[in-house]
Amino acid sequence: MELKKIALNDVHEQLGAKMMPFAGYNMPVRYSSDIEEHKTVREGVGVFDVSHMGEFWVEGPKALELIQKVTSNDASKLVDGQAQYSCLPNETGGIVDDLIVYRFGDEKYLLVVNASNIDKDFAHISKYNKSIGAELRNESDDYSLFAVQGPKATEILQKLTEVDLSSVKFYHFTTGSIGGVDDVIISGTGYTGSGGFELYVKNEDALKLWDAIFEAGKDADIKPIGLGARDTLRLEKGYCLYGNDIDDTTSPLEAGLGWITKFTKDFINSENLQKQKEEGVSRKLVGFILEDRGIPRKDYLIEDADGNEIGIVTSGSQSPMLEKGIGLGYVTKENATAGTEIFIVVRNRKLKAIVEKLPLYKG
């Protein structure tokens, strides 16, 4: 299958990005080094082009009814200009995808989903919409998305807009003019834990906005950032990555997503998930930091001190900020408490690690 190209594909190639296939798209993975790009975001400001993400509009008098049916969180609690992290439960106890729900009005919502799941998610939501009848549109190919992240992000973006960015709280958004481009969705969200904004812009205006951001940030040493650093940044904060830490076989309760699973309403498979909550789960997703030198990787086995297999690593890397191996993985509930000693099996070695309360990097 031919790789899809994001609107600024040629720009990234000209910037010298290493381009690789990701979720069916040709995506910039790094421009310099993952560690350098990671530290740029933690300490200054960097820009991710994550235009591969999916955007679905849900509109009309039945919009909220559909969202309430297919998502685990309670979208009725949203006010205009507020966003909500949620997931799409499947019929068998797992997760179709995680997503963000944006409320624009009583009858207008935007769902932002993972690139690898665009077709799957749209088919899943459409199946339930047959009996509900909301207006549902997939406009994923029309939008670009730039994540401007880091402690200097607000100060740089404020040069480009009359919107008071300090008033756009975490998980809130507004629509306004920025960088000479109208109707940009300016969202106080991100996947790095270092603050900043995500900007949704129509493809035809993407280059103009990209150039304006870099011009405004040149004195702050702004840099483009690839998906490699995005992965280590989210891992330090313990944010789940679909396909690694959550998937069609993992329950939101096992994944530590009980806080976005609200039983105040009826949603897909809510009865079984409520039963699971009452009975308790047998495994839990935990974060850990290695005490021994080494790097944990996806699918490495996890053992207890007696050599019993107790789980599996779902994500792992070297933390640029902690300078230690870190990871996420599922372990038996008896071994899920912070402070528990576990062992990551790396080839023939067993590396000692400690289960830590998330986030792994507290800065």
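Residues numbered from 1 in each chain as written. Predicted model: local features only at pLDDT ≥ 70, side-chain atom pairs only at ≥ 80, totals over all residues. Heavy atoms only, no water.

Applicable threshold: UniProt positions are given in the numbering used here, feature names are shortened, and annotations may be inferred rather than shown by experiment.
Identification of the protein chain as Aminomethyltransferase from Marinigracilibium pacificum is taken from an unreviewed UniProt entry. In UniProt, the protein chain has this text filed under Function (unreviewed entry): "The glycine cleavage system catalyzes the degradation of glycine." What UniProt states about the protein chain under its Sequence similarities (unreviewed entry) heading is, verbatim, "Belongs to the GcvT family."

Quick look at the overall build of the protein chain
Condition: Numbered from the N terminus, helices here are DSSP runs of H or I no shorter than four residues, and strands are runs of E no shorter than two. All radius of gyration figures rest on C-alpha atoms, and the globule criterion is 2.2 Å times the number of residues raised to 0.38. Buried residues are those whose accessible area, probed at 1.4 Å on protein chains only, stays under 20% of the maximum for their type, while exposed residues exceed 50% and partly exposed ones sit between those limits. It only takes one pair of heavy atoms within 4.5 Å for two residues to be counted as in contact. Each accessible area value is a Shrake-Rupley result obtained with a 1.4 Å probe; residue values ignore everything except the protein chains displayed when judging cover. When charges are counted, neither His nor the chain ends are considered; positive counts come from Lys and Arg and negative counts from Asp and Glu. Charge placement uses NZ in Lys and CZ in Arg. For Asp and Glu, CG and CD serve respectively.
In terms of regular secondary structure, the protein chain is built from 8 helices and 20 strands. For a compact globule of 363 residues, the expected C-alpha radius of gyration is about 21 Å, and the protein chain comes in at 21 Å, within 12% of that figure. Dimensions along the principal axes, computed over C-alpha positions, put the protein chain at roughly 60 × 50 × 45 Å. The proportion of buried residues among the 363 residues of the protein chain is 58%. Across the protein chain, every contact between residues at least 6 apart in sequence was considered, and the portion connecting residues at least 24 apart equals 65%. Split by element, the accessible area of the protein chain, about 15800 Å² in all, is 47% carbon and sulfur. The averaged location of the 57 negative side-chain charges in the protein chain is 4 Å from the averaged location of its 42 positive side-chain charges.

Overview of the domain arrangement of the protein chain
Defined as follows: Segmentation of the chain into domains, including their bounds, is taken from an automatic or database domain assignment.
In terms of domains, the protein chain is made up of domain 1 (4–53 + 142–236), domain 2 (54–138) and domain 3 (282–358). Here the C-alpha centre of domain 3 lies 34 Å away from the C-alpha centre of domain 2.

Some points on the UniProt feature "binding site: substrate" (unreviewed entry) in the protein chain
This chain's UniProt record puts "binding site: substrate" (unreviewed entry) on Glu198. Examined against the element boundaries, Glu198 turns out to sit in strand S13 (residues 196–202). Leave out the neighbours within four places in its chain, and Glu198 touches Tyr102, Leu145, Phe146, Ala147, Gln149, Ile185, Ile186, Ser187, Thr189 and Gly190.

Some thoughts on the packing of aromatic side chains
Note the cut-off: Whether two aromatic rings pair depends on their centres lying within 6.5 Å, for rings of Phe, Tyr and Trp, where Trp uses its six-membered ring; planes under 30 degrees apart make the pair stacked, over 60 edge-to-face, and the rest tilted.
The full count for this structure, using the stated rule, is 11 aromatic pairs. Seen from their ring centres, Tyr102 and Phe173 are 5.1 Å apart, and the 80° between their planes marks the pair as edge-to-face. One end of the pair, Tyr102, is in strand S7 (residues 95–105); the other, Phe173, is in strand S11 (residues 173–178), and 71 residues separate them in sequence. Each of the two residues, Tyr102 as well as Phe173, counts as buried. With 4.7 Å between their ring centres and 40° between their planes, Trp210 and Phe214 make a pair best called tilted.

What to know about the pairing of strand S15 (residues 283–290)
This is how the line gets drawn: For two strands to count as paired, DSSP must find a minimum of two bridges between them.
Counted residue by residue, S15 has 6 buried out of 8 residues, so it is predominantly covered. Looking at chain direction, S15 and strand S20 (residues 349–356) are connected through 4 bridges and run antiparallel. The residue of S20 that forms the bridge with Gly287 is Glu356.

What about the packing of helix H3 (residues 63–70) against helix H4 (residues 118–129)?
For the record, the criterion: Between the N-to-C directions of two axes lies an angle of 0 to 180 degrees, each axis being a line fitted to C-alpha atoms and, for a helix, fitted only over the stretch in contact. We call two directions roughly parallel when the angle between them is under 35 degrees, roughly antiparallel when it is over 145, roughly perpendicular when it lies between 65 and 115, and oblique otherwise. Rotating anticlockwise by less than a right angle from the far helix to the near helix defines a left-handed crossing, while the corresponding clockwise rotation defines a right-handed one. Each residue receives one of three labels: charged for Asp, Glu, Lys and Arg, nonpolar for Ala, Val, Leu, Ile, Met, Phe, Trp, Tyr, Cys and Pro, and polar for the others, Gly being one of them.
Between H3 and H4, the least distance of the axes is 10 Å, while the angle of their chain directions is 120°. Judged on the interaxial angle alone, H4 and H3 are oblique. By crossing handedness, the relation of H3 to H4 is classed as right-handed. On H4, the residues that touch Leu66, Lys69 and Val70 of H3 are Ile125, Tyr128 and Asn129. Of the residues belonging to the contact of H3 with H4, the class tally is 4 nonpolar, 1 polar and 1 charged.

Observations concerning the environment of Val45
If you trace the backbone, Val45 turns up in the loop between helix H2 (34–43) and strand S4 (46–49). Each C-alpha atom of the pair Val45 and Gly195 lies 9.5 Å from the other, and the pair is 150 residues apart in sequence. Ignoring sequence-local partners within four residues, the contact set of Val45 consists of Thr40, Val148, Gln149, Gly150, Lys152, Ala153, Ile156, Ala220, Asp221, Ile222 and Lys223.

Examining helix H7 (residues 227–237)
With 10 of its 11 residues buried, H7 lies for the most part within the structure. Within H7, the full set of buried residues consists of Leu227, Gly228, Ala229, Arg230, Thr232, Leu233, Arg234, Leu235, Glu236 and Lys237.

Digging into the UniProt feature "domain: Aminomethyltransferase C-terminal" (unreviewed entry) in the protein chain
The feature "domain: Aminomethyltransferase C-terminal" (unreviewed entry), as given by UniProt, occupies residues 283–362 in the numbering adopted here. Annotated as residues 283–362, this span is 0% helix and 56% strand, and its ends, taken at the C-alpha atoms, are 25 Å apart.

Some thoughts on the sheet that holds strand S6 (residues 82–89)
With antiparallel pairing, 5 strands are arranged side by side in an open sheet as S6-S7-S8-S5-S9. A strand with exactly one partner marks an edge of an open sheet, and here the two such strands are S6 and strand S9 (135–138). Averaged over all pairs of adjacent strands, the angle between their axes in this sheet comes to 25°, without regard to strand direction. As judged from the 8 bridges shared by S6 and S7, these two strands associate in the antiparallel manner. By the bridge assignment, Gln84 is partnered in S7 with Val101.

Quick word on the nonpolar core
The following threshold applies: Take the buried Ala, Val, Leu, Ile, Met, Phe, Trp, Tyr and Cys residues and link them wherever side-chain atoms come within 4.5 Å; each set so joined is a nonpolar core.
Judged by nonpolar contacts, the single largest core of 63 residues is most densely connected at Val58, Leu66, Tyr102, Leu111, Ile125 and Ile246. The element that contributes the greatest number of residues to this core is S7, accounting for 6 residues. Beyond its immediate stretch of four places on either side in the chain, Val58 contacts Ala63, Leu66, Ile67, Glu107, Lys108, Tyr109, Leu111, Ala134, Glu135 and Leu136. In this structure, Leu165, Phe197, Val201 and Phe214 belong to the second largest nonpolar core, which totals 29 residues.

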